[in-house]
Amino acid sequence: MKPESYQYHGKIGISSGWDVIVIGGGPAGCTAATAAARAGAKTLLLEGTGAPGGMGTSGLVPAWCPFSDGEKIIYRGLAETVFRRATSGIRHVDEKQLNWVSIDPEALKRTYDELLEEYGVHVLFHTFAAGVEMAESGRIDAVIAGSKAGLTAFRAKMFIDCTGDGDIAAWAGAEFKLGDDETGETQYATLCFQLSNVDSYYYQHGCRLHGSNPDSSIHRIVKEGKYPEIIDTHLCQNFSGPGTVGFNAGHLKNVDSTDPEQVSAAMIQGRKIARAFLNALKEYEPEAFGGAFLACTANLLGIREGRRIAGEYELTFHDYLARRDFADEIGRNAYYLDIHGMRADMRAVVNKAGRYKPGESHGIPFRCLLPKKLDNLLLAGRCISSDRMTYGSVRVMPVCLVTGEAAGTAAAMAAAQGGALRELDVARLRQDLLAHGAYFKP
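Not measured: the values here are computed from a predicted model.

(A) Representation of the packing of helix H12 (residues 397-416) against helix H13 (residues 426-435). It is at 10 Å that the axes of H12 and H13 come closest, and there the two elements cross at 125°. In terms of orientation, H12 and H13 fall into the oblique class. Seen along the crossing, H12 lies across H13 with a hand that is right-handed. The segment H12 lies against H13, with Glu405, Ala406, Thr409, Ala410 and Met413 engaging Arg428, Leu429, Asp432 and Leu433. Within the contact of H12 with H13, the residues separate by chemical class into five nonpolar, one polar and three charged.

Right, here's the structure in full:
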């Protein structure tokens, strides 16, 4: 049930004097804030949870999506810095491994904490954005957020929306799309979890559990129907450490991530699904999971599809197919079209398109980070401007890290130049990113 309109008459505090405010402390938000501070901007990061990192930490996603194009690492700059630091010292991870590398969520939290501290970013955790105030048409005056200090209006020259769902842009009046253009349905969501006291030997040397393996027990689990919470064969998992396996498994259909009622119900159902997987694996894979227990479920729901904000350029499926280069590109992407819960006709198109060959990638133009009609707001992360098909590729964490660094660098440049975002020298932006290790077609 949506709340009725209510006029608030209480006092709201003001926090001002910031050059750049980043809203959302996931991978995009962390690199955006770091890059802005690195460029000399007085930077504030607002994060609704108690830790940085989003889905890789509070969301318990167990593995990084590929960092390579099959030949070399292509998500570079701060993205590579985060990846290298967070995986350093994980003994079961080969330092040469670039694809589907296990995530230690605590190590990743520390990596982000240290990076933000290193560059002097001011961070406020447990501070949840709830609205915007417009100074004039096209310009945000303040982002309203709630915390233990009550409501505060945070004011800055430039803002960066790293909320995942494009909340700030949408509240500021940006155009957006959400879900399938025909049905309105969204990609399936997942609540990740970890099982501990797993027999590491039998897990690592037994039958591969992934649903793509026809011999995996997940096919029998679904077919026999003893665990109705498990609705399909989605069963990704990674060995996280001694006796511990992280799971990105199970599906929750058609969750609107902008509706708190739906998200709350999905969290409850997700915890039921995690328990069902524990019991099913105990029964069907007793050598590995007979003594296992459910150590934890994620604090964040794994949303695969939120708002797609309309930007100055929309990255399209045709761009993806053409491996297109852009004069204003700020990064490259090679991840496949990973769409959970497609219509049959979409699935046929994706299958026909196939995956990139080694060495292939496409550019990500800076214009995808510029929401239409908004003058002091940038986008980073999965809400950047793209069509639904391509969204399935650019929504993942390595891409978010790259777009975050570009947005943060651009925001600092614009703040120093009086906030004229669309007058930004994009060639200079690209030079700065290259100087800090970014990878794209010069």
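Now that the structure has been shown, we can carry on.
(B) Up close: the nonpolar core. If you look at the biggest cluster of nonpolar residues, it comprises 140 residues, and the most contacted ones within it are Trp64, Ile160, Phe289 and Leu378. Per-element tally for this core: the top contributor is H12, with 13 residues. Those residues in contact with Leu378 that sit more than four places away from it in its chain are Met158, Phe159, Ile160, Asp161, Phe366, Leu369, Leu370, Pro371, Ala407, Ala410, Ala411 and Leu421.

(C) The arrangement of the packing of aromatic side chains in detail. Counted by the stated rule, this structure contains 14 aromatic pairs. Ring geometry for Phe67 versus Phe83: centroids 4.3 Å apart, planes at 25°, classification stacked. Within this pair, whereas Phe67 is found in the loop between strand S2 (43-46) and helix H2 (78-87), its partner Phe83 is found in helix H2, the two being separated by 16 residues in sequence. With respect to burial, Phe67 and Phe83 carry one shared label: buried.

(D) Seen up close, the confidence of the model for the protein chain. Residues of the protein chain with pLDDT of at least 70 account for 99%, and the chain-wide mean is 96. Between the elements of the protein chain, mean pLDDT differs from a low of 91, seen in helix H10 (residues 344-353), to a high of 99, seen in S2.

(E) The pairing of S2, seen in detail. In S2, alternate side chains face the same way, and those of Thr43 and Leu45 on one face and Leu44 and Leu46 on the other are all buried. As judged from the four bridges shared by strand S1 (residues 13-23) and S2, these two strands associate in the parallel manner. Bridging across to S2, Val22 finds its partner in Leu45. In this sheet, strand S3 (residues 122-124) lies alongside S2 in parallel orientation, the contact comprising three bridges. Residue Leu44 lies in a different strand from S3, and its bridge partner there is His122.

(F) Quick look at the sheet that holds strand S11 (residues 293-297). With antiparallel pairing, the four strands of this open sheet are ordered in space as S9-S10-S8-S11. Edge positions in the sheet fall to strand S9 (235-241) and S11, since each of these pairs with one other strand and no more. On average, adjacent strands in this sheet sit at an angle of 30° to one another, irrespective of strand direction. Pairing between S9 and strand S10 (residues 244-249): six bridges, direction antiparallel. Bridge assignment links Leu235 to a residue of S10, and that residue is Ala249.

Parameters at a glance
Residues numbered from 1 in each chain as written. Predicted model: local features only at pLDDT ≥ 70, side-chain atom pairs only at ≥ 80, totals over all residues. Heavy atoms only, no water. Axes fitted to C-alpha atoms, helices over the stretch in contact; angles between N-to-C directions. Helix = DSSP H or I, 4+ residues; strand = E, 2+ residues; numbered from the N terminus. Parallel < 35°, antiparallel > 145°, perpendicular 65-115°, else oblique. Left-handed = near helix turned anticlockwise from the far one by under 90°. Contact = heavy atoms within 4.5 Å. Nonpolar A, V, L, I, M, F, W, Y, C, P; charged D, E, K, R; others polar. Core = buried A, V, L, I, M, F, W, Y, C linked by side-chain atoms within 4.5 Å. Buried < 20%, exposed > 50% of the residue type's maximum accessible area, 1.4 Å probe, protein only. Phe/Tyr/Trp six-rings, centres within 6.5 Å; stacked < 30°, edge-to-face > 60°. pLDDT = per-residue confidence, 0-100. Pairing = 2+ DSSP bridges.

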